[in-house]
Amino acid sequence: MLYAIVGIDVADSLSRRGATRAAHLQRLHELHEQGRLVLAGPFPAIDSVVPGPAGFSGSLIVAEFPDLAAAQDWADADPYVASGVYANVSVRPFRKVLP
């Protein structure tokens with residue numbers, strides 16, 4: 001089943017994101033290589049694809065996991081959680097309808 005993982009950043013998270021981005025992306029690449037990643041990306045803090053120093057306000061990941069517990073465990077192990085980028089993370093079942 002698919003799960004939506006939404007992380008909401010702490011204020012001024014840009015430097016923390018930069019310090020742990022490679023490890024965060026590595027886990028996403030692993031999901032992609034396994035054919036389980038539907039999409040992933042950050043929420044710019046301003047209305048711009050490249051927000052510069054405004055940074056990001058959070059992230060969205062939609063991926064396949066065996067169950068909610070597995071999705072939650074994966075989210076809890078994210079480097080952005082350990083480094084304090086995210087103030088909170090929610091994991092919810094997701095049903096893709098389109099496209």
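Attention here is on the structure that accompanies the text. All values derive from a computational prediction rather than experimental measurement. (Residues numbered from 1 in each chain as written. Predicted model: local features only at pLDDT ≥ 70, side-chain atom pairs only at ≥ 80, totals over all residues. Heavy atoms only, no water.)

Okay, the environment of Val62 next. With respect to the secondary-structure elements, Val62 resides in strand E3 (residues 56–64). Spatially, the C-alpha atoms of Val62 and Ala4 are 4.5 Å apart, while their sequence positions differ by 58 residues. Apart from the residues lying within four places of it in its own chain, the contact partners of Val62 are Leu2, Tyr3, Ala4, Arg36, Leu37, Val38, Leu39 and Phe94. (Helix = DSSP H or I, 4+ residues; strand = E, 2+ residues; numbered from the N terminus. Contact = heavy atoms within 4.5 Å.)

Counting residues in each nonpolar core, the largest one holds 11 residues, listed as Tyr3, Ile5, Leu28, Leu31, Ile61, Ala63, Phe65, Ala71, Trp74, Ala75 and Val91. Elements with a minimum of two residues in this core: strand E1 (2–9), helix H1 (14–33), E3 and helix H2 (68–76). Residue contributions to this core peak at three residues, all from H2. With sequence-adjacent residues up to four places away left out, Ile5 is seen in contact with Ser59, Leu60, Ile61, Phe65, Ala71, Trp74, Ala75, Val89, Ser90 and Val91. (Core = buried A, V, L, I, M, F, W, Y, C linked by side-chain atoms within 4.5 Å. Buried < 20%, exposed > 50% of the residue type's maximum accessible area, 1.4 Å probe, protein only.)

As a further point, take the layout of surface pockets. Taken as a whole, the largest pocket encloses approximately 220 Å³ of empty space. Lining the largest pocket are 14 residues, with Arg17, Arg21, Leu25, Pro42 and Tyr80 positioned closest to its centre. Mapped by element, the contributors of at least two residues to the lining of the largest pocket are H1, strand E2 (37–44) and E3. Among the residues making up the lining of the largest pocket, the classes are represented as eight nonpolar, four polar and two charged. (1 Å grid on protein atoms, 1.4 Å probe; cavity = no way out; pocket = protein on both sides within 12 Å on 5 of 7 lines; lining within 4 Å. Points joined across faces, edges and corners; volume = space filled by probe spheres on them. Nonpolar A, V, L, I, M, F, W, Y, C, P; charged D, E, K, R; others polar.)

It is worth spelling out H2 at this point. Three or more residues of H2 are buried, namely Ala71, Trp74 and Ala75. The arc that holds every buried residue of H2, seen down its axis, measures 100 degrees, which confines them to one face. Sitting at the head of H2, Asp67 places a side-chain oxygen 3.2 Å from the backbone nitrogen of Ala69. (Arc of directions from axis to C-beta. Polar contact = N/O pair within 3.5 Å; in protein donor to acceptor, adjacent residues only side chain to side chain.)

This part takes up the pairing of E1. Of all the eight residues making up E1, six are buried; the element is thus mostly covered by neighbouring parts of the structure. As paired elements, E1 and strand E4 (residues 86–94) share eight bridges and run antiparallel to each other. Following the sheet pairing, Gly7 is matched in E4 by Val89. (Pairing = 2+ DSSP bridges.)

In this section: the sheet that holds E2. Strands sit in the order E2-E3-E1-E4 across an open sheet of four strands; the sheet is antiparallel. The open sheet has two free edges, formed respectively by E2 and E4, since each of these has just one partner strand. Going across the sheet, the axis of each strand differs from the next one's by a mean of 10 degrees, ignoring polarity. With respect to the sheet, H1 is in contact with E1, E2, E3 and E4, its orientation differing from that of E3 by roughly 10 degrees. Sitting on the sheet, H2 touches E1, E3 and E4, and the angle it makes with E4 is about 155 degrees. (Axes fitted to C-alpha atoms, helices over the stretch in contact; angles between N-to-C directions.)

Without other data, these values stay purely geometric and don't point to any function.
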